[in-house]
Amino acid sequence: MAEIAAGRRSARPDRFVEAATRLRSIAVATLAGFLSGAVALGVGCRLAMRVVALLAGDGDQGKLTDAEAIVGEITVGGTIFLALLGGAAGAIGGVLYLAVHRRLAWAGRWRGVAFGGLLLAIFGSALVKGSNPDFERFGSPLVNVAMFAALFVFFGILIAPVYDNLQRAVAAPSTTITGYALVAAQAAGMLLLLPATMLVMALLIADGGDAGLTAIGLVALFAYVLLALPSTSSMRRFPPGTTGAGRRAIIVSVAPLAPPVALGIALNIYELFAIL
């Protein structure tokens, strides 16, 4: 009996470390996504807006955009809002990176670019929306689309090294007091993911109509990538290809990405036709 009791007590720390390891992975991915998103999607979006204002010409300066911002005017409050919104969207992107980065290992040092291209293919319609008349009203529609589409690739390029560095910097789980405190901090940080997700989804469906239908499709794509790709059965049937893998291994690795990519590209084309 004493041996059984001792075995149960020794199993508890193992279960804690296992759960803490999973939480650590999600927390690291979320933080990496938030930091990368604040820069690439938030500040990057602000820079793209500035270029749009410059290309719009003097006649459009001072006009209101669809988001009720003033063309040519840059405010501290608006920039902070964009950075936080970009960080919130990036936190979601970080979780997606955690779900798919093993399947992009074959890309080696270019996996960030591959991930950015993947995000653009699947979720490009979330940012480049035909329901937004500003793409046509100000500057060149083609240049506007290209700039905002490039933000996805910029995010992918940033998150890959940020995620790797945070993985090395954050201590591994342990059953020490410091280990318990670290888990508590990570859990508290993860609670920020839910309101961030709700904020981004609320902004997507705010316009209703086609935007609402697009949002439903994007939520479905997000759920598929997050839940289906990292599953054990998916890993067995479609094992990830490693760096230097052959063509067949790469095809098998990315095969589960085909459905969301196909649907995402269809949504992108729909939005592009509305703009161009």
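Residues numbered from 1 in each chain as written. Predicted model: local features only at pLDDT ≥ 70, side-chain atom pairs only at ≥ 80, totals over all residues. Heavy atoms only, no water.

1. Some remarks on the overall build of the chain
A count of helical and extended segments in the chain gives 11 helices and zero strands. For the chain, the α and β elements follow one another from N to C terminus as α-α-α-α-α-α-α-α-α-α-α. Across the 276 residues in the chain, those meeting the buried criterion constitute 38%. In the chain, of all internal contacts separated by at least 6 residues, the share reaching a separation of at least 24 is 81%. Accessible surface, the chain as shown: approximately 14700 Å² in total, 70% of it carbon and sulfur. (Helix = DSSP H or I, 4+ residues; strand = E, 2+ residues; numbered from the N terminus. Buried < 20%, exposed > 50% of the residue type's maximum accessible area, 1.4 Å probe, protein only. Contact = heavy atoms within 4.5 Å. Areas by Shrake-Rupley, 256 points an atom, 1.4 Å probe, with all protein chains shown as cover.)

2. Description of the pattern of salt bridges
In the structure shown here, the tally under the stated rule is three salt bridges. Among the ionic pairs, Glu-18 bridges to Arg-22, the shortest N-O distance being 3.2 Å. You can see Glu-18 and its partner Arg-22 sitting in helix α1 (residues 2-56), four residues apart, about one turn around the helix. Residue class for Arg-22 comes out exposed when judged on its relative accessible area of 57%. We note a salt bridge from Asp-134 to Arg-137, for which the minimum N-O separation is 3.3 Å. You can see Asp-134 and its partner Arg-137 sitting in helix α4 (residues 134-137), three residues apart, about one turn around the helix. For Arg-137, a relative accessible area of 40% gives the class partly exposed. (Salt bridge = Lys/Arg side-chain N within 4 Å of Asp/Glu carboxyl O.)

3. A closer look at the nonpolar core
If you look at the biggest cluster of nonpolar residues, it comprises 42 residues, and the most contacted ones within it are Val-100, Phe-115, Leu-119, Ile-122, Phe-123, Phe-148 and Phe-155. For this core, the secondary-structure elements that each account for two or more residues are α1, α2 (76-100), α3 (111-123), α5 (141-169), α8 (209-227) and α11 (258-275). (Core = buried A, V, L, I, M, F, W, Y, C linked by side-chain atoms within 4.5 Å.)

4. A short note on a nonpolar patch on the surface
A surface patch of nonpolar side chains, amounting to about 550 Å² of accessible area, comprises Leu-31, Phe-34, Leu-35, Val-76, Ile-80 and Leu-84. Among the secondary structure elements, those contributing two or more residues to the nonpolar patch are α1 and α2. Examined against the element boundaries, Val-76 turns out to sit in helix α2. (Patch = residues over 30% accessible without salt bridge, like charges linked within 9 Å, V, L, I, M, F, W, Y side chains within 5 Å.)

5. Describing the side chain of Ser-36
Looking at the element boundaries, Ser-36 is found in helix α1. Ser-36 sits in the buried class, given a relative accessible area of 1%. Of note is the side chain of Ser-36, whose polar atom sits 2.8 Å from the backbone oxygen of Ala-32. Apart from the residues within four sequence positions on either side, Ser-36 is in contact with Leu-41, Phe-155, Leu-158, Ile-159 and Val-162. (Polar contact = N/O pair within 3.5 Å; in protein donor to acceptor, adjacent residues only side chain to side chain.)

6. Topic: the confidence of the model for the chain
Counting all residues, the mean pLDDT for the chain is 80, and 80% of those residues have values of 70 or more. Below a pLDDT of 50 lies the segment residues 1-11, which in the model reaches zero contacts outside its immediate sequence neighbourhood of four places, other chains included. (pLDDT = per-residue confidence, 0-100.)

7. A look at the packing of aromatic side chains
Aromatic rings in a pair are described by how distant their centres are and how their planes are angled relative to each other. Following the criterion strictly, the structure yields four aromatic pairs and no others. Ring centres of Phe-135 and Phe-148 lie 5.7 Å apart, and the angle between their planes is 75 degrees; this geometry places the pair in the edge-to-face category. In this pair, Phe-135 sits in helix α4 while Phe-148 sits in helix α5, placing the two residues 13 residues apart along the sequence. Judged on exposure class, the residue Phe-135 and its partner Phe-148 are both buried. Here the aromatic residues Tyr-97, Phe-115, Phe-155 and Tyr-163 are joined through ring pairs into a cluster of three or more. (Phe/Tyr/Trp six-rings, centres within 6.5 Å; stacked < 30°, edge-to-face > 60°.)

8. So, empty space enclosed by the protein
All chains considered together, the criterion is met by one cavity of 30 Å³ or more. By volume, the largest cavity is sized at about 40 Å³. If you go around the largest cavity, the residues you meet are Leu-96, Val-100, Phe-115, Leu-118, Leu-119, Ile-122, Phe-123 and Val-225. Elements represented by at least two residues in the lining of the largest cavity include exactly α2 and α3. The element that contributes the greatest number of residues to the lining of the largest cavity is α3, accounting for five residues. Residues belonging to the lining of the largest cavity are distributed by class as follows: eight nonpolar, no polar and no charged. (1 Å grid on protein atoms, 1.4 Å probe; cavity = no way out; pocket = protein on both sides within 12 Å on 5 of 7 lines; lining within 4 Å. Points joined across faces, edges and corners; volume = space filled by probe spheres on them. Nonpolar A, V, L, I, M, F, W, Y, C, P; charged D, E, K, R; others polar.)

9. A short note on α11
In this model, α11 (18 residues) spans 26 Å end to end at C-alpha, consistent with the 26 Å of a helix rising 1.5 Å per residue. Those residues of α11 lying buried are Pro-260, Val-261, Gly-264, Leu-267, Asn-268, Glu-271 and Ile-275. The buried residues of α11 all sit within an arc of 130 degrees when viewed along its axis, so they share a single face. (Expected span 1.5 Å × (residues − 1). Arc of directions from axis to C-beta.)

10. Re the environment of Pro-239
When you line up the elements, Pro-239 lands in the loop between α9 (232-237) and α10 (247-254). Pro-239 sits 11 residues away from Ile-250 along the chain, and the two C-alpha atoms are 9.3 Å apart.

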